[in-house]
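Architecture at a glance
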Amino acid sequence: KFLKVFLFSEPHILILPKSIAQKRSSWDWENMMLIGLPFAHYTSNTSTSWQTEQFFNEKIGLIPSRIEVDRLVFSLVQSGMAWGITQPSALLAEGEEMFNQVGIVPVPGQMTYRSMYAYARFDYPLPWLHKVREIFLQGLKLEVLPRLEKALEKYPELQKAIAVADNQISSEHLAKDM
């Protein structure tokens, strides 16, 4: 058995070439299938690719044209050759300027999220788990969140969709997984 403690969640976003994103005020999946560009995603051995694949299988179905790449997704979108799905923190990792170099659109339909958790064996000392969580949250709040807030200032709905755990671990934050 394991303890599962929530840390952070953020929405998935569509990234499009800036010139294409500016053509519409809102996007749906039908529009996305008609833009004439392939969907670029991470190689299938990553958790991000697995989550994206699962999302499409459940919500959309088959994407007509795909490119499986490693670390090139943002470059392909930026150069106008593809579109993709990512999270704000992944885009931030490429540099804050990327928020101005690609078009950012909320995922059509109901917003979906990537969540991060800390896991520990059920018999792991709770004070240690609390310390690991505290260190993660301190770095997140000092380094990542201020940069994300600034980068997403044009997208208040995406800013509001980011959730961060508080510093205390209560019994409702602990989930027992097998």
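Structure: see above.
Presented here is an overview of the structure given in this document. (Residues numbered from 1 in each chain as written. Predicted model: local features only at pLDDT ≥ 70, side-chain atom pairs only at ≥ 80, totals over all residues. Heavy atoms only, no water.)

Let us now look at the sheet that holds strand S5 (residues 84-86). Pairing in this open sheet of three strands is antiparallel, and the strands run S5-S2-S6 from one edge to the other. Looking at which strands have only one partner, the edges of the open sheet turn out to be S5 and strand S6 (102-106). Looking at each pair of strands side by side, their axes are set apart by 35 degrees on average, direction ignored. Of the strand pairs in this sheet, strand S2 (residues 13-17) and S5 are connected by three bridges, and their pairing is antiparallel. Counterpart to Ile 15 in the pairing with S5 is Gly 84. (Pairing = 2+ DSSP bridges. Helix = DSSP H or I, 4+ residues; strand = E, 2+ residues; numbered from the N terminus. Axes fitted to C-alpha atoms, helices over the stretch in contact; angles between N-to-C directions.)

For the rest of this paragraph, the subject is the environment of Ala 118. Relative to the helices and strands, Ala 118 is located in strand S7 (residues 113-121). Sequence separation between Ala 118 and Phe 8 is 110 residues, and the spatial gap between their C-alpha atoms is 9.8 Å.

Let us look at the side chain of Arg 114. Along the chain, Arg 114 falls in strand S7. Side chain to side chain, Arg 114 and Glu 10 meet in a polar contact 2.5 Å long. (Polar contact = N/O pair within 3.5 Å; in protein donor to acceptor, adjacent residues only side chain to side chain.)

Within the secondary structure, Glu 10 is located in strand S1 (residues 2-11). Engagement of the side chain of Glu 10 in a polar contact is seen with the side chain of Ser 89, the distance being 2.5 Å. Every residue in contact with Glu 10, bar those within four places of it in the chain, is listed here: Gln 87, Pro 88, Ser 89, Thr 112, Tyr 113, Arg 114, Ala 161 and Ile 162. (Contact = heavy atoms within 4.5 Å.)

It is worth spelling out the nonpolar core at this point. By size, the foremost hydrophobic cluster in this structure holds 33 residues, and its most contacted members are Ile 15, Leu 91, Phe 99, Ile 104 and Leu 148. Put simply, the parts of the chain that give this core at least two residues each are S1, S2, helix H4 (73-78), helix H5 (88-93), helix H6 (98-101), S6, S7 and helix H7 (126-151). Take this core: its biggest share by element is six residues, from H7. The residues contacting Ile 104, other than those within four sequence positions of it, are Ile 13, Leu 14, Leu 91, Phe 99, Tyr 155 and Leu 158. Ranked by size, the runner-up nonpolar core spans 14 residues in total, among them Ala 21, Trp 29, Leu 37 and Ile 85. (Core = buried A, V, L, I, M, F, W, Y, C linked by side-chain atoms within 4.5 Å. Buried < 20%, exposed > 50% of the residue type's maximum accessible area, 1.4 Å probe, protein only.)

With the rule as written, the count across this model stands at five aromatic pairs. Each ring, one from Trp 29 and one from Trp 83, has its centre 6.4 Å from the other, and the planes form 45 degrees; the classification is tilted. Linking Trp 29 in helix H2 (residues 29-33) with Trp 83 in the loop between H4 and S5, this pair joins segments that are 54 residues apart in sequence. Per residue, the accessibility class of Trp 29 equals that of Trp 83, and both read buried. Arranged with centres 5.7 Å apart and planes meeting at 75 degrees, the rings of Tyr 124 and Trp 128 form a pair that is edge-to-face. (Phe/Tyr/Trp six-rings, centres within 6.5 Å; stacked < 30°, edge-to-face > 60°.)

Attention now moves to H7. End to end, H7 covers 35 Å across 26 residues, agreeing with the expected 38 Å (1.5 Å per residue, within 8%). Roughly 40 degrees is the biggest bend found in H7, and it falls at Lys 141. (Expected span 1.5 Å × (residues − 1). Bend = angle between axes of the 7 residues up to and from the residue.)

The next thing to look at is the pattern of salt bridges. Within this structure, the stated rule accounts for four salt bridges. Across the pair Arg 147 and Glu 96 runs a salt bridge whose closest N-O atoms are separated by 2.4 Å. On the criterion of sequence distance, the pair formed by Arg 147 in helix H7 and Glu 96 in the loop between H5 and H6 is long-range, its members being 51 residues apart. In this structure Glu 96 comes out as partly exposed when scored by relative accessible area, which is 33%. Here Glu 134 ties to Lys 131 by a salt bridge, and the two come within 3.3 Å at their closest N and O atoms. Here Glu 134 and its partner Lys 131 are both found in helix H7, three residues apart, which amounts to about one turn of the helix. For Glu 134, a relative accessible area of 30% puts it in the partly exposed group. (Salt bridge = Lys/Arg side-chain N within 4 Å of Asp/Glu carboxyl O.)

A separate point is the pairing of S2. Remark: a regular strand shows side chains that alternate across the two faces of the sheet. The buried count for S2 comes to five of five residues, which makes it a mostly enclosed element. Of the pairings in the sheet, the one linking S2 to S6 comprises five bridges and is antiparallel in character. Each bridged residue has a counterpart across the sheet, and for Ile 15 the counterpart in S6 is Ile 104.

By themselves, these figures tell us nothing about what the structure is for.
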